[in-house]
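Residues per chain are reported as follows:
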Amino acid sequence: MRRISDSSFFVAVNGAGPSPPASGLIDFLLQHRARRLTTVFHPLEPEQEPQHVITVYEPDSEPRVRRVRLPSRPPFTYVLDPLVPLWPERVDGWLGFNNLACARGLLARRLGRAGKVVYWAVDFVPNRFGDNALTRAYDRFDALCCRSANARFELSEAALNGRNERLGLRPEQAARSHVVPIGAWVDRVPVTAEDGWKARRVLYVGHLIRRQGVGLLVEALDLLARRSVDFVAEIAGSGPLEQGLREQAARAGLDGRLSFAGFIDDQRSVESFLASGSVAVAAYDPTDNVLTQHADPSKLKAYLAAGLPIVMTDLPHNAQELAQRAGAELIPFDAGALADAIERALSDGERWQQRRRAALDYARGFDWGALLERPLSELGFEA
């Protein structure tokens with residue numbers, strides 16, 4: 001057993017910046033004063049800056065940041081990710097948040113440059129790129145990582161079982177698996193005021209793509225405005241639909257009632273943004289949305305940790321549980337149903353407070369400290 005404070009770690013992620021679960025892991029390692037932590041964020045989406053951001057953290061020192069610009073045309077340029085950095089320092093723990101990053105860690109382990117290697121799978125899509133050679137190559141890397149890593153972390157039982165079935169993995173063939181759901185720093189995050197429904201603020205955080213149902217939210221807000229319901233709304237995020245959503249909002253005459261905050265790249269700022277709200281929306285489109293069915297959407301935990309009542313469609317694996325225990329309301333994928341649910345959330349202060357308490361109580365079971373301590377300890381790293 002090694003103490004985290006005596007150990008060095010390498011964390012490789014695809015995305016614009018720290019977001020769950022990578023942000024939870026990074027904060028956990030920094031809180032426990034890892035001897036050295038190197039993080040690498042690779043481009044994920046075409047609209048992101050074509051740069052790979054490498055940050056090195058050491059106790060009592062300012063982080064050292066380096067940026068490497070390479071051609072970026074996801075998914076075809078993902079093969080460049082393992083080349084950054086070209087020759088990382090030796091580490092005790094290597095955590096790859098996708099199979100290419102994990103495979104690089106397996107090579108480092110073989111060369112004596114890494115100790116324990118973790119495959120931390122952040123999503124599962126059965127036929128990721130369609131029925132083609134790219135998907136077959138992806139599945140081969142996935143199987144390699146599931147078999148050869150020292151441990152495998154999945155966000156949900158649905159993803160764990162789905163990946164095992166897809167790859168034909170039996171437990172005795174694979175690395176030890178842990179379900180590590182998305183968490184939150186429940187003692188740190190700001191929460192909604194006890195009379196937060198009076199702000200009448202409808203919030204959305206996430207990627208602006210079709211399957212997230214953001215267009216349906218704009219339709220619902222249009223209906224609420226036509227009913228003369230008092231509200232303000234704000235959408236935080238970026239994505240290929242952003243310009244179209246702005247135009248849709250303008251056509252609906254929502255100027256002054258709906259604003260777009262853009263992408264918020266700092267987790268603390270996201271937390272403060274959510275604490276200002278009254279109700280949060282997660283209207284996942286059920287059409288061709290296998291990803292959400294197997295995932296543990298991070299924004300849901302962020303909404304709950306802030307004490308926000310959630311209006312959502314019944315798509316994520318834990319939707320029914322959130323309705324039963326966390327104050328969420330489940331709706332069909334319909335603009336009228338979404339508008340009705342938002343109006344109900346804003347019109348009953350007593351019921352709103354009950355839902356707020358349920359959200360906060362439920363979120364306490366997903367504190368990052370508790371979620372991460374056991375699997376990292378079993379891997380050999382003691383907090």
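Note that this is a predicted model, so its numbers are computed, not measured.

Caption draft 1: Just the overall build of the protein chain, in detail. When you go through the protein chain residue by residue, the secondary structure sums to 13 helices and 16 strands. Computed over C-alpha atoms, the radius of gyration of the protein chain comes to 21 Å, within 12% of the 21 Å expected from 2.2 N^0.38 for 383 residues, which places it in the range of a compact globule. Across its three principal axes, the protein chain shows a C-alpha extent of roughly 65 × 45 × 40 Å. A burial count over the protein chain gives 55% of its 383 residues as buried. Considering only intrachain contacts with a sequence separation of at least 6, the fraction spanning at least 24 residues in the protein chain is 71%. Summed over all atoms, the accessible surface of the protein chain reaches about 16,900 Å², with 48% contributed by carbon and sulfur. Taking the average location of the 47 positive side-chain charges in the protein chain and that of its 48 negative ones, the two points are 6 Å from each other.

Caption draft 2: Structural context of the packing of helix α2 (residues 99-110) against helix α3 (residues 133-148). Following both chains from N to C, one finds α2 and α3 inclined at 50°, their axes separated by 9 Å at the closest point. Compared by their axis directions, α2 and α3 come out oblique. For the pair α2 and α3, the sense of crossing is left-handed. On α3, the residues that touch N99, L100, C102, A103, L106 and R109 of α2 are Y138, F141, D142, L144, C145 and S148. Among the residues making up the contact of α2 with α3, the classes are represented as eight nonpolar, two polar and two charged.

Caption draft 3: Fine view of α2. With 12 residues, α2 should reach 16 Å at 1.5 Å per residue; the first-to-last C-alpha distance of 16 Å fits that figure. For α2, every residue scored as buried is listed here: N99, L100, A101, C102, A103, R104, G105, L106 and A108. Residues of α2 that are buried make contact with β2 (8-14), β6 (91-96), β7 (114-121) and α3. Looking at where α2 begins, the residue whose side-chain oxygen comes 3.1 Å from the main-chain nitrogen of L100 is N98.

Caption draft 4: The pairing of strand β9 (residues 176-179), seen in detail. Relative to β9, strand β8 (residues 151-154) runs parallel, the two sharing four bridges. Across the sheet, the residue bridging to E154 is V179, located in β9. Running through helix α4 (residues 157-167), the crossover from β8 to the neighbouring parallel element β9 is right-handed.

Caption draft 5: Expanded view of a nonpolar patch on the surface. A contiguous nonpolar patch, built from L83, L86, W87, L107 and L111 and spanning about 580 Å² of accessible area, is present on the exposed surface. Note that W87 resides in the loop between β5 (64-69) and β6.

Caption draft 6: Structural detail: the pattern of salt bridges. A full pass over the atoms with the stated rule returns 29 salt bridges. In this structure, R166 and D139 form a salt bridge, with 2.8 Å as the shortest nitrogen-oxygen distance. On the criterion of sequence distance, the pair formed by R166 in helix α4 and D139 in helix α3 is long-range, its members being 27 residues apart. Taking relative accessible area as the criterion, D139 reaches 15% and is therefore assigned buried.

Caption draft 7: Fine view of the packing of aromatic side chains. Here the structure, examined in full by the defined rule, presents seven aromatic pairs. A centroid spacing of 4.9 Å and a plane angle of 75° characterise the contact between W120 and F153, whose relative ring orientation is edge-to-face. Residue W120 is located in strand β7, and its partner F153 is located in strand β8; the two are separated by 33 residues in the primary sequence. In this structure W120 comes out as buried when scored by relative accessible area, which is 0%.

Caption draft 8: Spatial organisation of the pairing of strand β3 (residues 36-42). Most of β3 is tucked away: seven of the seven residues are buried. Where β2 and β3 come together, seven bridges link them in parallel fashion. Considered in β3, the bridge of F9 is made with L37. With five bridges connecting them, β3 and strand β4 (residues 51-57) associate as antiparallel partners. Residue pairing in the sheet places T38 in a bridge with V56 of β4.

Caption draft 9: Representation of the sheet that holds β4 within the structure. Taking strand neighbours across the sheet as the criterion, the eight strands line up as β5-β4-β3-β2-β6-β7-β8-β9 in an open arrangement whose pairing is mixed. Each edge of the open sheet carries a strand with a single partner, namely β5 and β9. Recorded for the sheet is a direction-independent mean angle of 15° between the axes of neighbouring strands. Across the sheet, α2 lies against β2, β6 and β7, angled at about 165° from β7, the strand it touches most.

Caption draft 10: Spotlight on the nonpolar core. Within the largest apolar cluster, 88 residues are counted, with the highest numbers of intra-cluster contacts made by Y303 and L338. A total of eight residues in this core trace back to one element, the largest contributor, which is helix α11 (residues 335-347). Among the nonpolar cores identified, the runner-up in size contains 23 residues, and V68, W94, A143 and C145 belong to it.

Basis of the calculations
- Residues numbered from 1 in each chain as written.
- Predicted model: local features only at pLDDT ≥ 70, side-chain atom pairs only at ≥ 80, totals over all residues.
- Heavy atoms only, no water.
- Helix = DSSP H or I, 4+ residues; strand = E, 2+ residues; numbered from the N terminus.
- Rg over C-alpha atoms; globule rule 2.2 N^0.38 Å.
- Buried < 20%, exposed > 50% of the residue type's maximum accessible area, 1.4 Å probe, protein only.
- Contact = heavy atoms within 4.5 Å.
- Areas by Shrake-Rupley, 256 points an atom, 1.4 Å probe, with all protein chains shown as cover.
- Lys, Arg positive; Asp, Glu negative; His and termini not counted.
- Charge placed at Lys NZ, Arg CZ, Asp CG, Glu CD.
- Axes fitted to C-alpha atoms, helices over the stretch in contact; angles between N-to-C directions.
- Parallel < 35°, antiparallel > 145°, perpendicular 65-115°, else oblique.
- Left-handed = near helix turned anticlockwise from the far one by under 90°.
- Nonpolar A, V, L, I, M, F, W, Y, C, P; charged D, E, K, R; others polar.
- Expected span 1.5 Å × (residues − 1).
- Polar contact = N/O pair within 3.5 Å; in protein donor to acceptor, adjacent residues only side chain to side chain.
- Pairing = 2+ DSSP bridges.
- Right-handed = clockwise from strand over helix to strand, strands pointing away.
- Patch = residues over 30% accessible without salt bridge, like charges linked within 9 Å, V, L, I, M, F, W, Y side chains within 5 Å.
- Salt bridge = Lys/Arg side-chain N within 4 Å of Asp/Glu carboxyl O.
- Phe/Tyr/Trp six-rings, centres within 6.5 Å; stacked < 30°, edge-to-face > 60°.
- Core = buried A, V, L, I, M, F, W, Y, C linked by side-chain atoms within 4.5 Å.

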